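Letter by letter, the chains look like this.
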Amino acid sequence: MDPDFARWYREVSMEDSKAQARWVGLDLAIKSPTGATVEVLTRLAFDTKASAGGYKEPALAEKLDAFHAAFKAADDDYEPEKRESQVLAACALIRLFRYYSLAQLAVTAASFDGARTPALPMDLVNLAEQAIGSLSTSRRVRPDVSNLEVSLRDVAYEPDFAGVQPGDPQTWKPLFAGMNAAVNGSLSAAAAGVNASVEKMGAYMRVVDEELQMLWWLLGERSLDLDLPFDKVESAVQPLVFALELAERTVSSPGPVAISALLARSGLKSRGKLTVVSAVNAVPADWAATTVGRLTASPVTTPIHFALDKRVEAGGPGAWEAHWSALSGLAADASLSPLRLAELFYREHLLLRFE
């Protein structure tokens, strides 16, 4: 059992046996994570106004039931309790941080730069930020070509002629069947090694191409969606449009470590404040409709996309703000610097694209 988990779980219970059972349950709870799993865990960990089981959302209800069932399978005496579920959900997210980028993106987006601060025995948001940097870096390490070499294996087969009769072809069948299986096994192992090497190199080449496309975008200093130079795009429009254009060129979540620097070089400022409402109302109506048309936004993990969705539903500014604020739990005047607003919108879009 991870010592950090044992320390965090002590806030719920001091029983070592119960902690051990919950640790086993965690493995079951995150065995096959999906976007819906992350959504449920994030809602539980942040204790949001939006129910973890959703509202008429079967996928979320199913994942919530599966979360509790995992701990029930490890301990027959388990009964869901709000505080325990919150801590366990946070621990499950931290386990996912190691390899599942959607968990990291969801937590940082849900936090909304500190607007939502969960009462937990660990700094969940800071751990997510660190995990984004670590996972992004690890997925962009140039493969060592020398380690990608694949050598053929010797066929480990010694024929047994004990039952073979030269005049009876049927007695040769087991001999040839064994030889065939041994050769196929050796070739399969070699092919698996080649495929693994090709996948590593292919993944790296995709990342290199991603970064090249982003650099061409930055050097061109032109919004491709609006067909305007960067400096001709209205300042209130820039954060969402520029972030989306970079997100659409991202092939590996959680994106490059330097995404904030790229956004800053495009002209976005880290000073000053821009409200979500102002940014969402500023973008062109057709751009907003196209951006959210194929996506299902969440009031918890993708609140900026959710605001765009509400604006599209309402048909224009002025009729959606109060509804968005009530459902998301964020203030109607929630604001961030243009740079941070763009970075969070970028993360939200990856969360929805790679779900």
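The rules we used
- Residues numbered from 1 in each chain as written.
- Predicted model: local features only at pLDDT ≥ 70, side-chain atom pairs only at ≥ 80, totals over all residues.
- Heavy atoms only, no water.
- Helix = DSSP H or I, 4+ residues; strand = E, 2+ residues; numbered from the N terminus.
- Polar contact = N/O pair within 3.5 Å; in protein donor to acceptor, adjacent residues only side chain to side chain.
- Contact = heavy atoms within 4.5 Å.
- Core = buried A, V, L, I, M, F, W, Y, C linked by side-chain atoms within 4.5 Å.
- Buried < 20%, exposed > 50% of the residue type's maximum accessible area, 1.4 Å probe, protein only.
- Salt bridge = Lys/Arg side-chain N within 4 Å of Asp/Glu carboxyl O.
- Phe/Tyr/Trp six-rings, centres within 6.5 Å; stacked < 30°, edge-to-face > 60°.
- Expected span 1.5 Å × (residues − 1).
- pLDDT = per-residue confidence, 0-100.
- Axes fitted to C-alpha atoms, helices over the stretch in contact; angles between N-to-C directions.
- Parallel < 35°, antiparallel > 145°, perpendicular 65-115°, else oblique.
- Nonpolar A, V, L, I, M, F, W, Y, C, P; charged D, E, K, R; others polar.
- Left-handed = near helix turned anticlockwise from the far one by under 90°.
- Arc of directions from axis to C-beta.

(A) Seen up close, the side chain of Thr301. Turning to its location among the elements, Thr301 is positioned in the loop between helix H12 (285–292) and helix H13 (303–314). Only 2.6 Å separates the side chain of Thr301 from the side chain of Glu39, close enough to count as a polar contact. Leave out the neighbours within four places in its chain, and Thr301 touches Glu39, Thr42, Ala106, Ala109, Ala110, Glu348 and Leu351.

(B) Broad picture of the nonpolar core. Counting residues in hydrophobic clusters, the biggest one holds 94 residues, and the most contacted among them are Phe97, Leu124, Leu240, Leu308 and Trp324. Among the elements that take part in this core, helix H5 (residues 82–97) stands out by supplying 10 residues, more than any other. The contact partners of Leu240, leaving out residues within four places of it in the chain, are Ala279, Val280, Val283, Trp287, Ile304, Leu308, Leu341 and Phe345.

(C) Layout of the pattern of salt bridges. On inspection of all chains with the given rule, the structure shows 18 salt bridges. Close ionic contact of Lys82 with Asp47 constitutes a salt bridge, the shortest N to O distance being 3.6 Å. Residue Lys82 is located in helix H5, and its partner Asp47 is located in the loop between helix H3 (35–46) and helix H4 (58–74); the two are separated by 35 residues in the primary sequence. In this structure Lys82 comes out as exposed when scored by relative accessible area, which is 63%.

(D) Here's a closer look at the packing of aromatic side chains. What the rule picks out here adds up to 9 aromatic pairs. Ring geometry for Trp217 against Phe230: centres 4.8 Å apart, planes inclined by 55°, an arrangement best described as tilted. With a gap of 13 residues between them, Trp217 in helix H8 (residues 173–220) and Phe230 in the loop between strand S2 (228–229) and helix H9 (238–247) connect regions that are remote in the sequence. Taking 6.2 Å as the distance between ring centres and 70° as the angle between the ring planes, the aromatic pair formed by Trp320 and Trp324 counts as edge-to-face. Taking the relative accessible area as the measure of exposure, Trp320 reaches 1% and is therefore buried. Here a set of aromatic residues connected by ring pairs shows up, and it is made of Phe5, Tyr9 and Trp23.

(E) Seen up close, H5. Over its 16 residues, H5 runs 23 Å from end to end, which matches the ideal 22 Å to within 8%, given 1.5 Å per residue. Across the 16 residues that make up H5, a large majority, 14, are buried.

(F) Representation of the environment of Val87. The topology assignment puts Val87 in helix H5. Residue classification places Val87 among the buried positions, given a relative accessible area of 1%. The sequence separation of Val87 and Tyr9 amounts to 78 residues, and the corresponding C-alpha distance is 7.1 Å. Apart from the residues within four sequence positions on either side, Val87 is in contact with Trp8, Val12, Leu120 and Pro121.

(G) Quick peek at the confidence of the model for the protein chain. Mean pLDDT for the protein chain: 91, with 97% of residues reaching 70 or above. For the protein chain, the element scoring lowest by mean pLDDT is H8, at 80; H9 scores highest, at 98.

(H) Summary view of the packing of H13 against helix H15 (residues 338–353). Following both chains from N to C, one finds H13 and H15 inclined at 85°, their axes separated by 8 Å at the closest point. By the angle between their axes, H13 is roughly perpendicular relative to H15. Residues Pro303, Ile304, His305 and Leu308 of H13 touch H15, and the partners they reach there are Leu341, Leu344, Phe345, Glu348, His349 and Leu352. By residue class, the composition of the contact of H13 with H15 is 7 nonpolar, 2 polar and 1 charged.

(I) Inspection of unusual backbone geometry at higher detail. For the bond running from Ser253 to Pro254, omega is 15°, close enough to zero to count as cis. In this model, Asp113 sits at a positive phi of 60°, which is unusual for a non-glycine residue. Mapped onto the elements, Asp113 comes out in the loop between helix H6 (101–111) and helix H7 (124–138). Residue classification places Asp113 among the partly exposed residues on the basis of a relative accessible area of 42%. In this model, Glu221 sits at a positive phi of 50°, which is unusual for a non-glycine residue. Take Glu221: it is sitting in the loop between H8 and strand S1 (222–223).

(J) Representation of the packing of H5 against H6. Running from N to C, H5 and H6 point in directions that differ by 125°, and their axes come no closer than 7 Å. Looking at the two axes, H5 sits oblique to H6. When the axes of H5 and H6 are compared, the crossing they make is left-handed. Judged by residue contacts, Leu93, Leu96 and Phe97 of H5 engage Ala103, Gln104 and Val107 from H6. A class-by-class count of the residues in the contact of H5 with H6 yields 5 nonpolar, 1 polar and no charged.

(K) Spotlight on the side chain of Arg347. Looking at the secondary structure, you find Arg347 in helix H15. Judged by relative accessible area, Arg347 falls into the buried class, the value being 6%. A polar side-chain atom of Arg347 sits 3.0 Å from a polar atom in the side chain of Glu129. The residues contacting Arg347, other than those within four sequence positions of it, are Leu105, Thr108, Glu129, Ile132 and Arg340.

(L) Molecular detail of H7. If you check H7, its first and last C-alpha atoms are 21 Å apart, about what 15 residues at 1.5 Å a residue would give, namely 21 Å. Buried within H7 we find Leu124, Val125, Ala128, Ala131, Ile132, Leu135 and Ser136. Looking down the long axis of H7, one finds its buried residues gathered within 125° of arc, a one-sided arrangement. Where H7 is buried, its residues contact H3, H5, H6 and H15.

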